[in-house]
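# A structural walkthrough
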Amino acid sequence: MTTDEALTTIAQQNKTLLFQNEMLITLIARLVWTPEELVEMVMAKKKKDPEAYVSVYNALDGEITGKELGEIAGVSKQAISSVLQGWVDDGIVINVGTDSQPKYRRLMRLPEKRKAKPKPKQETHEATEEVAPSAEVQQ
């Protein structure tokens, strides 16, 4: 086996282990919280668009930046940093980075409310009813 082949094998094994770790974390988290309970925790005390914080939570892939997360929630980077730290303290987010360069991962994907698609504008047709002549009953 060449060095390149060995490195490729190690990289593939690492990828497999990371995926397995994610699955285990998600399964264990589901033993502690239902997705609905986690949604309540994520949206708790959020005055401005609480649903946006569910989108922020779902975006936590360990790579997205604080600035991008703030844009999703419609708040500043500083405001989202405070929220993220609170989630870390609550145990619902994991910092996979460093203290100086935090990178956050969610425990599981949460259900998001789907925004209803606007219904197509219905054309209004005036009803034109033809009235049939009534038959008189002859007696």
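Residues numbered from 1 in each chain as written. Predicted model: local features only at pLDDT ≥ 70, side-chain atom pairs only at ≥ 80, totals over all residues. Heavy atoms only, no water.

Attention shifts here to helix 5 (residues 77–90). Along its 14 residues, helix 5 runs 20 Å from first to last C-alpha, staying within 8% of the 20 Å computed at 1.5 Å per residue. Here helix 5 has its buried residues at Ile80, Val83, Leu84 and Trp87. When helix 5 is viewed along its axis, its buried side chains cluster within an angular range of 100° and face the same direction. Turned more than 90 degrees away from the buried face of helix 5 sit Gln78, Ser82 and Asp89, all of them exposed. Looking at the packing, one finds that the buried side of helix 5 touches helix 2 (35–43), helix 3 (50–59), helix 4 (66–73), strand 1 (93–95) and strand 2 (104–106). Phi turns positive, to about 80°, at Gly91, one or two residues after helix 5. (Helix = DSSP H or I, 4+ residues; strand = E, 2+ residues; numbered from the N terminus. Expected span 1.5 Å × (residues − 1). Buried < 20%, exposed > 50% of the residue type's maximum accessible area, 1.4 Å probe, protein only. Arc of directions from axis to C-beta. Contact = heavy atoms within 4.5 Å.)

Looking now at the packing of aromatic side chains. Applying the stated criterion across every chain yields a total of one aromatic pair. Plain terms: the ring middles of Tyr57 and Trp87 are 5.6 Å apart, the flat faces sit at 75° to each other, and that makes the pair edge-to-face. Separated by 30 residues along the polypeptide, Tyr57 in helix 3 and Trp87 in helix 5 bring together distant segments of the chain. Relative accessible area serves as the criterion here: at 0%, Tyr57 is assigned to the buried category. For Trp87, a relative accessible area of 2% corresponds to the buried category. The cationic tip of Lys46 hangs over the ring face of Tyr53; the distance from NZ or CZ to the ring centre is 5.5 Å. (Phe/Tyr/Trp six-rings, centres within 6.5 Å; stacked < 30°, edge-to-face > 60°. Lys NZ or Arg CZ within 6 Å of the ring centre and 35° of its normal.)

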